[in-house]
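Observations on the three-dimensional arrangement
If you want the building blocks of each chain, they are given just below.
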Amino acid sequence: MSATSNGHGAANPEAGAPDLLRLATAGSVDDGKSTLIGRLLFDSKLVFEDQLEHVTETSKRRGDGYVNLALLTDGLRAEREQGITIDVAYRYFATPKRRFIIADTPGHEQYTRNMVTGASTADLSVVLIDARNGVTSQSRRHASISSLLGIHHLVVCVNKMDLVDWDESVFKSVKADFQNVAEKLEVPDITFIPISALNGDNVVDLSEAAPWYPGPALLDHLERVDVSRDRNLVDGRFPVQYVIRPMSDSHHDYRGYAGQVASGVFRPGEEVVVLPSGKRTHIAAIDTFDGEAKAAFPPMSVTLLLEDDVAVSRGDMIAHADAAPEATRALRATVCWMDDAPLRAGAKLAVKLATKSVRAVVEDVCCRLDVETLDHDDDADELGLNDMGTVELRLSSPLVADPYVTNRGTGSFILIDESTNHTVGAGMVA
Amino acid sequence: MNYKLDELRQLEAEGIHIMREVAAELERPVLLFSGGKDSIVLLRLAEKAFRPGRFPFPLMHIDTGHNFPEVIDYRDRRVAELGEELIVASVQESIDQGRVKEETGPRASRNQLQTTTLLDGIEKHGFDAAFGGARRDEERARAKERIFSFRDDFGQWDPKEQRPELWNIYNGRVRKGEHVRVFPISNWTELDVWSYIQAEELEVPSIYFAHEREVFRRDGMLLAASDFVALQEGEKTFTASVRYRTVGDMAVTGGVESTAASIDEVVGEIAATRITERGETRADDRASEAAMEDRKRVGYF
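No experiment lies behind these values; they were computed from the predicted model shown. (Residues numbered from 1 in each chain as written. Chains lettered and ligands numbered in written order. Predicted model: local features only at pLDDT ≥ 70, side-chain atom pairs only at ≥ 80, totals over all residues. Heavy atoms only, no water.)

For the coordinates displayed, the defined rule picks out 53 salt bridges over all chains. Linking Asp192(B) and Arg99(A) is a salt bridge whose minimum nitrogen-to-oxygen distance equals 2.5 Å. Residue Asp192(B) is located in helix 6 (residues 190–200), and its partner Arg99(A) is located in strand 3 (residues 98–104); the two belong to separate chains. Close ionic contact of Glu271(A) with Arg280(A) constitutes a salt bridge, the shortest N to O distance being 3.8 Å. Assessed through its relative accessible area of 49%, Arg280(A) is described here as partly exposed. Residues participating in the shared-partner salt-bridge network are Asp290(A), Arg9(B), Glu12(B), Arg44(B), Glu47(B), Lys48(B), Arg78(B), Glu81(B) and Glu200(B). (Salt bridge = Lys/Arg side-chain N within 4 Å of Asp/Glu carboxyl O. Helix = DSSP H or I, 4+ residues; strand = E, 2+ residues; numbered from the N terminus. Buried < 20%, exposed > 50% of the residue type's maximum accessible area, 1.4 Å probe, protein only.)

Right, here's the structure in full:
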C-alpha cells in the first residue's frame, strides 16, 4: 500500500524498496567499536578508495602497523590526536536489503549523555564485549541505557575472539554472564555473536575459525531483524507542529494542521480530540503535497484537515477520541542529566515535549539510578553530570504526555536551561 | 496495509518535520539555495512541508561570481516557478567593499571568501536560522554535527560545545545575533539524494549530466577551462565528456569523466562509484586532514 493516493512520489515498500534500520553502537574505548564499524563499512564495500587511501596513510604515519579502520570514523581533530571517540558520530551504509544509520557513541564513562543521545533514535543497540575481559561495568551500563531508552533489540558482539583462540567456552561464559545481567532489563530480543572485528570474522561473512557457531553473521542479522513491530500503531497521537493557512485566493478557507504522526494510524472520517482543550471533531482529510492520503501512520509528516472550526495551534495534540491521553501539570520521569552544575529540587527549567514547550520547576529528585545495576539510591537529592534518576516536575501549564514505555514520541522530552539556552537534560515519562 | 515507509520516505518525513520545527520556533529563517542537488532537495521538502501555503522564509544564494552559467539559469527558473523570494549575497560585492581580499595564485578560489559573505548576509537580514543542504556522509567533521547546529554571534561552530540532540526534539533557542544552521538532510547519503531526485522527477542543472566540455587536468581532477582560472605550465586543455557531482566555485570544482546522460544513468554511476563526492571533486577539501573542520569552525556552510 502506498502512503499517498497519488502514484508519483509515493512510498512503495512492497516493490522491495529498502527500509531503514537505525542502530547505536557502544563499547569501551578498547573494545574495538570503531574498528567494527570500519569493518562493516569496509566489508560491505562502502569505504571509498580515497577514504581508504587516507586511512592507510594515516595508519602508517602513526605507526599502527596495520590499516587502522578505526580512523575511518574518528572525525574531529581532537579525537585523532587522543585516539578516542569523543562525540556521537553518524555513519551510513547500505546493502541491497536495507540502509543503516549508525549512531556511534563513545564508551568512556563520562560520556553517558552521548550514549543516551545515540540510543534515543535507535531501533537496535550493538554492545561490544572484549572476550578476554568478559562483561564489564561498561557493558552493563550500555545494556541498561539501551533498555532505559526503550530499545527492543540488543546484539552482543563478543569481540577479539581470535585472542582467545576462538574458544567456545569463553563465548558461552560471556553469554551466560550477560544473560544474568539482562534479567533485570526490558529488552525482549538479545542476540549473541562471537566476532573478530579486526579480522572481520562473523562480521559480514561467517568465519571458518568458529565451526561451533552456526550463525548468523552480524550483518546478516542486522539485515533481517524486524523492528516494524516496535512502533505503537494503536494509540493515535499527532502533535501539531505548524498551522498552514495560505489565505490565498485559491485556498481561502484552507486551515491545515501540519505535523508528524507520533503513534497510531489516522484515517479520514475518524473522530479525534484536540488536547488540552478536549474539543472533539472528525478528520476531514489527510493532506500531503502528493495528494490526499488514505491513512497516516508513524513516521509520516502530513497535514490534517478537520471538519469543524475548532481552535488548534502549535503545541496541541490531536488524538484518537476513544483513547486520548490526559493533560497533566505534574510529570514523574527518568532524567539523564547533562550539565556540569547538578540538578536539585527547586531548579527552574523549560521542558520541550513533542511540539510543546512549558516552564517547569523540579519538585523533587526522588532517586538516583545506578546505571550499572539499575539499583535505586533513594537518599540522593541531586543528579550530577551523566547521572540518571527519577525526578518530579511541576509544570507552568498542562502537557499532554504518555508513558515512555508505550509511546516514545509523546513520552520523551528535553530540559533546557533558559539562562544559557543549553539542552541540559533528557527525560522519559514514567 | 503494512503501514511501512521505505527508507527514502522515512528520510523525507524527517526532513519535513525538521523544516516545520524551524518555521514554528524561529523568527526569521532563510534557506540557502545554491542551485546544487542538495539544496534542490531542500526546496522540494519545503514544498512538501508548507504547500499550499508559501514558504515562511526567503531563499538566499551565496554567489561566488565563479558560477557555471547553467546553474544560474536553473536557479532563476526554479525560483520563478516556486514564486518565492530570492536574496543574492555576492562575494564580488564583499570584495568590492573590502570585506574580503581576493585570493591570488593559480589555485585561488572564492570558497573561503563565501564565509564572510554568508555571515554578512545573515547579519544584514537578521536571520536566526539558515537551512543548509549539508549531509553527514560528506565528510568526517560533518558526521559529528547536529541537525540544529548552534552558531555564536561570530558565526562560529564549536564542535565540543554542541547541544545534545535527542529523539526528534530540537533545541533552536538563540539570543539576538546568534543563529542555528539547520540541516534537514543530515541523514541522507549522496545516493539517497539522487534516488530522491529520480523518484520526485526533479529538474537539476544540466551540468549534472554528461556533456562535452573544455577541461584540463590538475591534482588528478578535471577542472573546467574558464575565465576564473589560469593554466599553469604543463597544463593543457582538451575536450572530454564529463558530469559534475557537486556544484561549487568553478575554479575548484572538478568534473568526472562520464557518459551518464540521464538521471537513471547517474543513479547507476553513483551507486557503483568507489570515490567520495568531496574526494573526487573538491580541491578545497584536499587541503589538509582537517580542512572542513577548520572552515566550519569559523562559520562556513
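Attention now goes to the packing of helix 6 of chain B against helix 7 (residues 263–272) of chain B. Two quantities define a packed helix pair, namely the angle between the helix axes and the distance between the axes. All names here are of chain B. For the pair helix 6 and helix 7, interaxial distance at closest approach is 10 Å and the crossing angle is 165 degrees. Judged on the interaxial angle alone, helix 7 and helix 6 are roughly antiparallel. Between helix 6 and helix 7 the crossing geometry is left-handed. Contacts from Glu190, Leu191, Trp194, Ser195, Ile197 and Gln198 in helix 6 reach Ile263, Asp264, Val266, Val267, Ile270 and Ala271 in helix 7. Looking at the contact of helix 6 with helix 7 residue by residue, the classes come out as eight nonpolar, two polar and two charged. (Axes fitted to C-alpha atoms, helices over the stretch in contact; angles between N-to-C directions. Parallel < 35°, antiparallel > 145°, perpendicular 65-115°, else oblique. Left-handed = near helix turned anticlockwise from the far one by under 90°. Contact = heavy atoms within 4.5 Å. Nonpolar A, V, L, I, M, F, W, Y, C, P; charged D, E, K, R; others polar.)

The next subject is the sheet that holds strand 4 (residues 129–131) of chain B. Residues and elements named next belong to chain B. Judged by pairing direction, the sheet is mixed, and its six strands sit side by side in the order 3-2-1-4-6-5 without closing on themselves. Edge positions in the open sheet fall to strand 3 (86–90) and strand 5 (148–151), since each of these has one partner strand only. Across the sheet, the mean angle separating the axes of adjacent strands is 30 degrees when strand polarity is ignored. Relative to strand 4, strand 1 (residues 29–32) runs parallel, the two sharing three bridges. In the strand pairing of strand 4, Val30 is matched with Ala130. Against the sheet, helix 5 (residues 114–125) touches strand 1, strand 2 (59–63), strand 3, strand 4 and strand 6 (179–182), its axis set at about 150 degrees to strand 2. (Pairing = 2+ DSSP bridges.)

To continue, consider the pairing of strand 17 (residues 356–369) of chain A. All names here are of chain A. The pairing of strand 16 (residues 348–353) with strand 17 spans six bridges and is classified as antiparallel. Across the sheet, Ala350 pairs through a bridge with Arg359, a residue of strand 17. Joining the antiparallel neighbours strand 16 and strand 17 is a turn of two residues, in which Ala354 adopts a positive phi near 50 degrees. Here strand 17 pairs with strand 20 (residues 388–400) via eight bridges, running antiparallel. Paired with Val362 across the strands is Leu393, a residue of strand 20. In this sheet, strand 18 (residues 376–377) lies alongside strand 17 in antiparallel orientation, the contact comprising two bridges. Bridging across to strand 18, Leu369 finds its partner in His376. Following strand 17, the chain reverses through six residues before pairing antiparallel with strand 18; Leu374 in that reversal takes a positive phi of roughly 65 degrees.

This part covers the pairing of strand 4 (residues 124–130) of chain A. Residue and element names in this part refer to chain A. Where burial is concerned, most of strand 4 is hidden: seven out of the seven residues are buried. Neither face of strand 4 is open: one carries Leu124, Val126, Leu128 and Asp130, the other Ser125, Val127 and Ile129, and all of them are buried. Direction of pairing for strand 1 (residues 19–26) relative to strand 4: parallel, over a ladder of four bridges. Note that in strand 4 the partner of Thr25 across the bridge is Val126. Handedness of the crossover joining strand 4 and strand 5 (residues 153–159) through helix 5 (residues 137–148) is recorded here as right-handed. (Right-handed = clockwise from strand over helix to strand, strands pointing away.)

A separate point is the sheet that holds strand 4 of chain A. Residues and elements named next belong to chain A. If you trace the six strands from one edge of the open sheet to the other, you get 2-3-1-4-5-6, paired in mixed fashion. Across the chains shown, the open sheet's two edge strands, defined by having one partner strand only, are strand 2 (89–94) and strand 6 (189–194). For this sheet, the mean angle separating the axes of adjacent strands, direction not counted, is 25 degrees.

Attention now moves to the domain arrangement of chain A. All names here are of chain A. Taken domain by domain, chain A consists of domain 1 (13–229), domain 2 (237–323) and domain 3 (327–429). Surface buried jointly by domain 1 and domain 3 totals about 1,500 Å² across both partners, of which 57% is contributed by carbon and sulfur atoms. Among the residues domain 1 hides against domain 3, the three largest losses belong to Arg113, Leu148 and Lys184. Together they make up 36% of the total. For the pair domain 1 and domain 3, the interface holds three salt bridges. Linking domain 1 with domain 3 are ten residue pairs in polar contact (both at pLDDT 80 or more). Among the elements of the structure, helix 4 (112–120) and helix 5 are those that each provide at least two residues to the side of domain 1 that touches domain 3. Residue composition of the side of domain 1 that touches domain 3, by class: nine nonpolar, eight polar and four charged. (Domains from an automatic or database assignment. Buried area = accessible area lost by both parts, 1.4 Å probe. Polar contact = N/O pair within 3.5 Å; in protein donor to acceptor, adjacent residues only side chain to side chain.)

What follows is about the environment of Phe154(B). Residues and elements named next belong to chain B. Tracing the backbone shows Phe154 in the loop between strand 5 and strand 6. When its relative accessible area of 61% is taken as the criterion, Phe154 is described as exposed. In this structure the C-alpha to C-alpha distance between Phe154 and Glu21, which are 133 residues apart in sequence, comes to 24 Å. Look past the residues within four positions of Phe154 in its chain and what remains in contact with it is Leu119 and Val298.

Accessible area lost during the coming together of the parts is what is often quoted as the interface size. Residues and elements named next belong to chain B. Once the domains are mapped, chain B shows domain 1 (7–192 + 290–297) and domain 2 (205–286). On a C-alpha basis, the centres of domain 1 and domain 2 stand 23 Å from each other. Of the residues lining the interface, 27 residues belong to domain 1; the matching set on domain 2 comes to 27 residues. Summing both sides of the interface, domain 1 and domain 2 together bury roughly 2,300 Å²; the carbon and sulfur share of this comes to 54%. Three residues stand out in domain 1 for area buried against domain 2, namely His66, Phe68 and Glu190, and they jointly supply 28% of the buried area on that side. Our count for the domain 1 to domain 2 interface comes out at two salt bridges. Between Glu190 and Arg245 there is a salt bridge whose closest N-O contact spans 2.6 Å. The tally of links from domain 1 across to domain 2 stands at seven residue pairs in polar contact (both at pLDDT 80 or more). At the level of elements, helix 2 (37–50), helix 3 (69–82), helix 6 and helix 9 (291–297) are the ones that each hand at least two residues to the side of domain 1 that touches domain 2.

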